Amino acid sequence: MDAHDIRSSFLQFQRDRGHAQITRASLTPKHDPSTLFTGSGMQALLPYLLGQEHPDGHRLVDSQPCLRAQDIENVGDNRHTTFFEMLGNWSLGDYFKEQQIRWFFEFLVDVVGLDPARISVTCFIGDAEHGIPRDDEAASIWQRVFAEKGIEAGIASIGSQADGDARGVREGERIFFYDSTENWWSRGGDLFTTPLGDPCGPDSEVFYDFGPDHHDPAFGLAHPASDSGKFMEIGNQVFMQYRRELDGSFTPLEQRNVDFGGGLERIAAASLGTPDVYRISLLAPIVETLERLSGTSYADDPHSLRIIADHLRGAVFLASDGVRPSNKEQGYVMRRLLRRAIRTAYGIGLRDSFFGAVVDQIAGLYEDAFPELADRRDEILEVLLREEASFRRTLQAGLKALRGFEGRTLTGADVFLLSDTHGFPRELSVEEAERLGIAVDADWELEYDSALQAQRERSRGSSRLQVAEPS
Ligand code: GLY
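Conventions adopted
- Residues numbered from 1 in each chain as written.
- Predicted model: local features only at pLDDT ≥ 70, side-chain atom pairs only at ≥ 80, totals over all residues.
- Heavy atoms only, no water.
- Helix = DSSP H or I, 4+ residues; strand = E, 2+ residues; numbered from the N terminus.
- Rg over C-alpha atoms; globule rule 2.2 N^0.38 Å.
- Buried < 20%, exposed > 50% of the residue type's maximum accessible area, 1.4 Å probe, protein only.
- Contact = heavy atoms within 4.5 Å.
- Areas by Shrake-Rupley, 256 points an atom, 1.4 Å probe, with all protein chains shown as cover.
- Lys, Arg positive; Asp, Glu negative; His and termini not counted.
- Charge placed at Lys NZ, Arg CZ, Asp CG, Glu CD.
- Near = heavy atom within 4 Å.
- Nonpolar A, V, L, I, M, F, W, Y, C, P; charged D, E, K, R; others polar.
- Salt bridge = Lys/Arg side-chain N within 4 Å of Asp/Glu carboxyl O.
- Pairing = 2+ DSSP bridges.
- Axes fitted to C-alpha atoms, helices over the stretch in contact; angles between N-to-C directions.
- Parallel < 35°, antiparallel > 145°, perpendicular 65-115°, else oblique.
- Core = buried A, V, L, I, M, F, W, Y, C linked by side-chain atoms within 4.5 Å.
- pLDDT = per-residue confidence, 0-100.
- Polar contact = N/O pair within 3.5 Å; in protein donor to acceptor, adjacent residues only side chain to side chain.
- Phe/Tyr/Trp six-rings, centres within 6.5 Å; stacked < 30°, edge-to-face > 60°.
- Left-handed = near helix turned anticlockwise from the far one by under 90°.

### Focus: the overall build of the protein chain
Part 1: A tally of regular secondary structure across the protein chain gives 15 helices and 12 strands.
Part 2: In terms of overall dimensions, the protein chain is globule-like: its C-alpha atoms have a radius of gyration of 24 Å, near the 23 Å expected for 471 residues.
Part 3: Seen along its three principal axes, the alpha-carbon backbone of the protein chain occupies a region of about 70 × 50 × 45 Å.
Part 4: Within the span of the protein chain, comprising 471 residues, buried residues form 56% of the whole.
Part 5: When contacts within the protein chain are restricted to residue pairs at least 6 apart in sequence, long-range pairs at least 24 apart make up 70% of them.
Part 6: By element, 46% of the accessible surface of the protein chain is carried by carbon and sulfur atoms, the whole surface being about 19400 Å².
Part 7: A distance of 4 Å separates the average location of the 49 positive side-chain charges in the protein chain from that of its 76 negative side-chain charges.

### Re the site of the ligand
Part 1: Every residue close to the ligand is listed here: Ser40, Met42, Arg68, Met86, Trp185, Asn236, Val238 and Asp259.
Part 2: Out of a free accessible area of 200 Å², the ligand has 95% covered by protein chains.
Part 3: Partitioning the shell around the ligand into residue classes produces four nonpolar, two polar and two charged.

### Some words on the pattern of salt bridges
Part 1: By the definition in use, this model includes 35 salt bridges.
Part 2: For Asp321, the salt bridge identified is with Arg24, shortest N-O distance 2.8 Å. Taken together, the positions of Asp321 in the loop between α8 (302-320) and α9 (329-347) and Arg24 in the loop between β1 (20-21) and α2 (46-49) put the pair 297 residues apart, joining distant regions of the chain. Here Asp321 and Arg24 have matching classes, each one buried.
Part 3: Through salt bridges with shared partners, one network takes in Glu98, Arg102, Arg144 and Glu148.

### A short note on the pairing of strand β4 (residues 119-124)
Part 1: Extensive coverage of β4 is indicated by the burial of six of its six residues.
Part 2: Every second residue of β4 is oriented toward a common face, with Ile119, Val121 and Cys123 on one face and Ser120, Thr122 and Phe124 on the other, all of them buried.
Part 3: Bridge count between β4 and strand β8 (residues 199-209): four bridges; the pairing is antiparallel. Bridged to Ile119 within β8 is Tyr208.
Part 4: In the sheet, β4 pairs with strand β6 (residues 173-178) via four bridges, with the strands oriented parallel. The residue of β6 that forms the bridge with Phe124 is Tyr178.

### A word on the packing of α8 against helix α10 (residues 355-365)
Part 1: Closest axis-to-axis distance for the α8/α10 pair is 10 Å, and the angle between their directions is 70°. Compared by their axis directions, α8 and α10 come out roughly perpendicular. Here Leu312, Arg313 and Val316 of α8 lie close against α10, whose contacting residues are Phe355, Val358, Val359 and Ile362.
Part 2: Among the residues making up the contact of α8 with α10, the classes are represented as six nonpolar, no polar and one charged.

### Some remarks on the nonpolar core
Part 1: In this structure, Leu108, Trp142 and Leu384 are the most contacted members of the largest nonpolar core, which totals 113 residues.
Part 2: Per-element accounting of this core gives the leading share, 10 residues, to α8.
Part 3: Beyond its immediate stretch of four places on either side in the chain, Leu384 contacts Ala315, Val316, Ala319, Met334, Leu338, Phe355 and Val359.
Part 4: If you look at the next biggest cluster of nonpolar residues, it comprises 12 residues, including Ile22, Leu45, Trp185 and Val238.

### A few points about the confidence of the model for the protein chain
Part 1: Per-residue pLDDT for the protein chain has a mean of 93; in total, 97% of the residues score no lower than 70.
Part 2: A low-confidence stretch, residues 462-471 (pLDDT under 50), is modelled with 26 contacts involving residues beyond four sequence positions or located in other chains.

### Quick word on the pairing of strand β3 (residues 83-91)
Part 1: Across the nine residues that make up β3, a large majority, nine, are buried.
Part 2: Here β3 shows two buried faces, one formed by Phe83, Glu85, Leu87, Asn89 and Ser91 and the other by Phe84, Met86, Gly88 and Trp90.
Part 3: When strand β2 (residues 59-67) meets β3, the two strands line up antiparallel, connected through nine bridges. Directly across from Asp62, in β3, lies its bridge partner Gly88.

### Examining the side chain of Gln64
Part 1: In this fold, Gln64 is placed in strand β2.
Part 2: The class for Gln64 is buried, based on a relative accessible area of 1%.
Part 3: Within the structure, Gln64 has its side chain in polar contact with the backbone nitrogen of Ala25 (distance 2.7 Å).

### Some points on the packing of aromatic side chains
Part 1: In this structure the tally under the stated criterion is 20 aromatic pairs.
Part 2: For the pair Tyr95 and Trp103, a centre-to-centre distance of 5.0 Å together with 75° between the ring planes defines the contact as edge-to-face. The exposure classification of Tyr95 matches that of Trp103, with both residues buried.
Part 3: On the basis of an interplanar angle of 75° and a centroid distance of 5.1 Å, the ring pair of Phe354 and Phe355 is categorised as edge-to-face.

### Quick notes on helix α13 (residues 412-422)
Each turn of an α-helix holds 3.6 residues, which means side chains three or four residues apart point in the same direction.
Part 1: Listed in full, the buried residues belonging to α13 are Gly412, Asp414, Val415, Phe416, Leu418 and Ser419.
Part 2: Downstream of α13 by a residue or two, Gly423 has a phi angle that is positive, lying close to 65°.

### Quick word on helix α6 (residues 264-272)
Part 1: Three or more residues of α6 are buried, namely Leu264, Glu265, Ile267, Ala268, Ala269 and Ala270.
Part 2: Looking one or two places after α6, you find Gly273, whose phi comes out positive at around 75°.

### Describing the packing of helix α1 (residues 3-16) against helix α3 (residues 97-112)
Part 1: Put simply, α1 and α3 touch, their axes get as near as 11 Å, and they point 135° apart. Here α3 runs oblique to α1, going by the angle between their axes. Of the two possible hands of crossing, α1 and α3 adopt the one that is right-handed. On α3, the residues that touch Ile6, Ser9, Phe10, Phe13 and Gln14 of α1 are Trp103, Glu106, Phe107, Val111 and Val112.

Next comes the structure, spelled out in structure tokens:
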């Protein structure tokens, strides 16, 4: 199944089980000043998880575009994206653990066709201090559903990620208990960072095992919650049954909810048998277009092509949802995505405008699920082209200034000056200097960092979101 089929099958699967399909929320939350972007499907459903009656009933499903700007620096490896689609289903005080676990497992194994022997799961180990029990109920449901597929699923208590990195997985283990840093979910993250007044609860995460070839030993021994690449999280079932009170304690909610979020791109990668999400049907065509336009092959420079593909996809959705590049908040992130994409494209020889082809392609890829992209195609393209033109002027001014350094050694202070006065990205200064045969001081980075630090100290207290150079 490709990503398109997985999305439509998931929506159908849940509609067949009584879920009403709801319209996706904007990427910029309308009634939630605590966050710049929608980063999970549940954000728009907060009042209903706390007990308000939802007009569409107690069972809901959608596929929600999400943006996690905090991942921007991680984009370039085979699994990080800033923009992604989260498949979601919710029970608002209706079914609970048994039904949720059974249905998701059935969807993965019987509908998508994943090998159950490659699936591992995690459950909450409990928290005595806050009176929250270990989730043996979820673990025994998992044992039963695996047994129905002929798999005996051994249980292991791991605790923290660090413990898992040292311990690894032992023969027969498939169900793992972790602490609240791994198996607790709220908008704020783990148990201790749950916002006061928010719904929250223990969760049970599902991982796909890509096999030992994908394990990076630099992360310690492989186990589901490690970052070593062997296991990839593909879905998270939150048993949202508590509210964090103003005194920090947790009390049971009147209704026990299920909040499920599954990464469409990651489930599609598992279905394809590759941990590289950029190979799936929603991203590979963008990468192929970029390969064709730049003459750079994915095999030679996956890092650059992933950054451009991810950032432009995010920017197209942001533009469709009304965000415009600017120097603050959502607009700042959008500007950063666009400038990183342009600057990366520049680095692989894509020096003429290429947004038109890519915007059309992205709109085409989402024609079925998010037709608003095609409807707003002209407006989206205009926004992107305007930013592209302005950043190209910056690049040109910077290049001209850089030529003034011919015959000299470019220092960190020079690189800082180029970035500060012309907005010329630091890596680009160094790369272009090398291309023009200008020597670059070996300690340029140290000197650059101290010049930047000195400037930060001078301007401390000024606006929190100034546009720095796109890195
Ligand atoms: N709301 C569940 C998740 O984002 O993992």
